[in-house]
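Each chain, letter by letter, is given below.
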Amino acid sequence: MRTLALASPSRSQAEESALRVAVVAALSATMMLFASLASALLVRRAFEDWRPASAAWPWILLGFGLAASAGIEIAARSQGRRRVAGFAIVGLSSSLYLAGALFVLGSLASGELGLSRPHDAFIALLLGVHVLHAILGTAFAARVLRATSGGSPESGLALARLVTHFLTALLVFILILLFGLQ
Amino acid sequence: MSGDRGSQGFISRYVFSLDHRVIGLQYLLTAMAMAIVGGLLALLVRVQIAWPDHDYTWISKILPGGFDGGVMKPEFYAALFTMHGTIMIFFVLSAALIGGFGNYLIPLQVGARDMAFPRLNALSYWIYAVSSVVILASFFAPSGPAASGWTAYPPLSALKGAIPGSNLGQDLWLVAMALFIVSFTLGGLNFLATIMAMRRPGLSMLGLPLFTWSMFFVAILGLLAFPSLTAASIMLLLDRHAGSSFFLPAGVVLSGDLVPGGGGSPILWQHLFWFLGHPEVYILMLPSLGITSDLFTVFTGRRVFGYKSMVIAMALISGMSFLVWGHHMFVSGMSPFLGSAFAITTTLIAVPSGIKVFNWIASLWNRPLRLSTPMLWALGIFSLFVTGGLSGIWLGQTQVDIQLHDTAFVVAHFHIIMAGAALFGVFAGVHYWFPLFFGRMMSERLGIAHFLTTFVFYYATFFPMHLAGIRGQIRRVYDPYQYEYLQPLAAMNGFITWAAIALAVSQLLFFWNFFTSLRGGARAGVNPWGAASLEWTEGEPEGPAEPEALNPVVER
Amino acid sequence: MQMEFPRNAGRLATAFALLTVAFVAWSAYAIATAALPPLAANRGRIDAAISLNLIISGVVFLGAHLALVLVLIRRPREARIPKENVRIEVLWTVLTAAVLVGLLINSEIDARALSTSSGGPEEPLIVEVVAQQFAWNFRFPGEDGIFGRTDPRLVDQAELNFIGLDKRDPAAEDDIVMPQSLLILPEGREVRIRLRSMDVIHSFFVASFRLKRDAMPGIATEFSFIPTATGMFEIACAEHCGLGHYRMRGVVEVVSRVDWPAKIREVTE
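Described below are features of the structure shown in this document. (Residues numbered from 1 in each chain as written. Chains lettered and ligands numbered in written order. Predicted model: local features only at pLDDT ≥ 70, side-chain atom pairs only at ≥ 80, totals over all residues. Heavy atoms only, no water.)

On to the nonpolar core, then. With 313 residues, the main nonpolar core has Phe-91, Phe-101, Trp-213 and Trp-433 of chain B together with Phe-204 and Phe-209 of chain C as its most contacted residues. Every residue in contact with Phe-204 of chain C, bar those within four places of it in the chain, is listed here: Val-129, Trp-136, Phe-138, Ile-193, Leu-195, Leu-211, Lys-212, Arg-213, Phe-223, Ile-235 and Ala-236 of chain C. Core analysis: the next-biggest nonpolar cluster, separate from the first, contains 14 residues, Trp-394 and Ile-402 of chain B together with Ile-46 and Ile-50 of chain C among them. (Core = buried A, V, L, I, M, F, W, Y, C linked by side-chain atoms within 4.5 Å. Buried < 20%, exposed > 50% of the residue type's maximum accessible area, 1.4 Å probe, protein only. Contact = heavy atoms within 4.5 Å.)

Once their charged atoms are close, side chains differing in charge can pair, the charge on each being opposite to the other. This model, assessed by the stated rule, comprises 23 salt bridges over all chains. Between Asp-120 of chain A and Arg-117 of chain A there is a salt bridge, with its nearest N and O atoms 2.9 Å apart. Note that Arg-249 of chain C and Glu-484 of chain B form a salt bridge whose closest N and O atoms lie 3.8 Å from each other. Highlighted residues: Arg-249 of chain C in the loop between strand 9 (231-237) and strand 10 (250-255) and Glu-484 of chain B in the loop between helix 15 (444-471) and helix 16 (490-520), drawn from two different chains. Judged by relative accessible area, which is 53%, Glu-484 of chain B ranks as exposed. Through salt bridges with shared partners, a single ionic network connects Glu-128, Arg-139, Asp-175, Arg-194 and Arg-196 of chain C. (Salt bridge = Lys/Arg side-chain N within 4 Å of Asp/Glu carboxyl O. Helix = DSSP H or I, 4+ residues; strand = E, 2+ residues; numbered from the N terminus.)

The description of an aromatic ring pair rests on the distance of the ring centres and on the angle between the ring planes. Here the structure, examined in full by the defined rule, presents 74 aromatic pairs over all chains. Where Tyr-432 of chain B meets Trp-529 of chain B, the ring centres are 6.1 Å apart and the plane angle is 25°; that geometry is what we call stacked. Here Tyr-432 of chain B is found in helix 14 (residues 408-438), whereas its partner Trp-529 of chain B is found in the loop between helix 16 and strand 5 (553-555), with 97 residues between them in sequence. Its relative accessible area of 2% is what places Trp-529 of chain B among the buried residues. Across the ring face of Tyr-307 of chain B, the terminal group of Arg-303 of chain B is positioned such that the distance to the ring centre comes to 3.8 Å. Positioned above the aromatic ring of Trp-365 of chain B, the side-chain terminus of Arg-74 of chain C is 4.8 Å from the ring centre. (Phe/Tyr/Trp six-rings, centres within 6.5 Å; stacked < 30°, edge-to-face > 60°. Lys NZ or Arg CZ within 6 Å of the ring centre and 35° of its normal.)

The next thing to look at is the environment of Tyr-56 of chain B. All names here are of chain B. Inspection of the secondary structure puts Tyr-56 in the loop between helix 2 (20-50) and helix 3 (57-60). With 16 residues separating them along the chain, Tyr-56 and Met-72 place their C-alpha atoms 6.9 Å apart. In this structure Tyr-56 touches Leu-44, Val-47, Gln-48, Phe-67, Gly-70 and Met-72, once residues within four positions along its chain are discounted.

This part covers the sheet that holds strand 8 (residues 221-225) of chain C. Here we have 5 strands laid out as an open sheet, ordered 3-2-1-5-8 (chain C), and mixed in their pairing. Each of the sheet's edge strands pairs with one partner strand only, and the pair in question is strand 3 (176-177) and strand 8 of chain C. (Pairing = 2+ DSSP bridges.)

Structure representation (structure tokens):
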């Protein structure tokens, strides 16, 4: 048996495939986390002390999330300057989302009743965990885009797209759970 | 780059190494150190159960916080069984079997240069190492180590006044578990990516050793099950510190004072915890099942009987493990309908387990056996799997479980099937792969002596415990003889403790064998056991793999 | 490099066989002497189920280990691999499943039987059991059959009002509150227990009655049984509940139906 070592500046197919497996696995784990949190909410909201409050901020955060998804779509479907614009939209929307979410969390925590009302507690829980994943996801997307920019940017972009849409879908999911159910 | 050993400093070669083999050994050695701690905790627990009036003056000099004038404090006893369980399950067995063997062997068994993400791999180890430090730090919390059981049921774990360890000790426990889960998750990503995407071209999944298959299933189980505990732990932290009431009901009166807030459900924690907890015990079992099948292959010289059905059995066990968690909660007052549903799934999970046992017998029947130490351990796993599996069937029936839940019967069951089979798997793996890790053989004589003493004393410790449970000896009890109906068990508990002490002392044989063989063991050839799996074809361990390099394409 | 295999594997196997037999014999003897406490309630189906499991487990345990011993003793020089036999694989799978399903069905039948109330003409005796760190509180609803209102804010340990009974509630006037950790029951009458907890999770376990149920804070659960023997039976807390978990002992004293009212008066006056 002879062995040939192939040197190449770009990522091999195996490593690309490995990254895809890892991302899907990570997203599956994240889904299970939110499924657990969601099941807790669904049980809790049946208790008599569940009083959902309404507010404007969910719509604002939703807007930022959708904008981030729109941005990555633009980046994925175009080249050159439009692509850069797409990335800029994603970056800006993500930052605004994070700032807004942290503001909501901060005012909940420092509020008079704190997290003693169950609906508030679940807002803090779901939004807080989402923020954490949004930070991880954004950092990952940025890294994978930079790493693949030299060789095959499309594969990195595909992953960044997946992660961004996943985070947006999660945001929609938790907002529906918190504010959209009767 | 890989040939230039001298240019790599000690730190990057042995401490912050990216080499999966170094990382694997780091996990293994850390786990061995934690095992000593976990084992000592168990001994203290056993001594207390057998002889509740024991005078611990000599220990109280080392750990003054746990004792009051030579007498162990009940909250310290609670901390002992809490930390013993937590450390052994996560920081010893998961770490050794999955972090240790998994990391070392998966790339070799699939024919890859290293794990898919070596840097992530190193990060996994170091997060685990930090989490080990944090869990040990719980012992030094001023108000005492976490003491609500490894199961940490609220409100006991949520209310700081409910037991002394529920202050900082419990928080440290939660932080350590969170870090451990992050480590395990990162590891699981690496394992799946490597097994699925980095196999040597031409090597199909069905050509893999059953150990690799076990790692595949363990990774999936971990990724899908641990998030439930993560969710629960975050909610518990919020209940403890942010005034929420996920798990705290209204109207709790602690020491005569009403606890404010409430409206939550303690049973929610149980559901979330056991949704992880049950798959977790299969996470611990599967590697040993894989190792046993592979060792049967090597030491009978023929492939294990029914390789494909072994894979299917592992898949069924893994999948069904998500459907049985309620059997830990049969007496919690849940609806009888739910109870029946979980009883059905629990009983049915014994079917694929039974398939494995029959396949093993068929793998041994009419075949020549080489009874080297690794094979002895594999046979030991076979025995423990049968015994422990049988007692599990008892517990899976709702009415029998009423009598046996939270008694010593349960303790006997899981120590035999989970702890025992997993522990024997560690010993089997260490003896078997020692020549691969270190280029030398462990002593057969010491190995056989260690096996025989451990096997005998393990059964001597845990078999009688079933009887104590049937009698009605409750778990987690600082002094059973407060109850008249348990006083006849004094002699049996004494016997069990002596057996446990003998078991602990026997482990010195293992440590002695391990450390003396590192330098003085007989030099091993490339494939001393005559195995056919890929890890034995690598030859002498080379330098570290290049993280960014391609896998070489093999041409015949 | 030559491996040294143990030459005395046959002796090893024989020793193992003898040890196994010795173990099993000793276990059988120990079971006879350290078994379940004598049954004192109408829940003997559990004892029968335990015996059934014991027999089946014993057979499988011995069978599997006999196979192991035979394998160790026989040690053929060459392998004789049977051809792939799907029929035998199906057979042993079906056999395993059949035994397991049999046990399951038996358990489900027991579950139905044990959870339905006796349906006799007599009203069950209702007892409220409230667990706390680290004692048991029992009360009967009295003549009116209604439990008086409790409020956690009314708990006053100095006044021995451990469950926060609202003395102003008319229904509470005839409630019979037992001394802590002592429950007196009449033999042969169905008892329905309403179980809850003041603080953390406890578990009401009477080994002699084959009875165990978790006491949850915030939720009350109910279950019934009939004591079938007089005597003193210990209650143990079966869920880790704090530093006093080991001493959370209670006693159920079962007396004849004739003596029961007087006994109650004796301890509550």
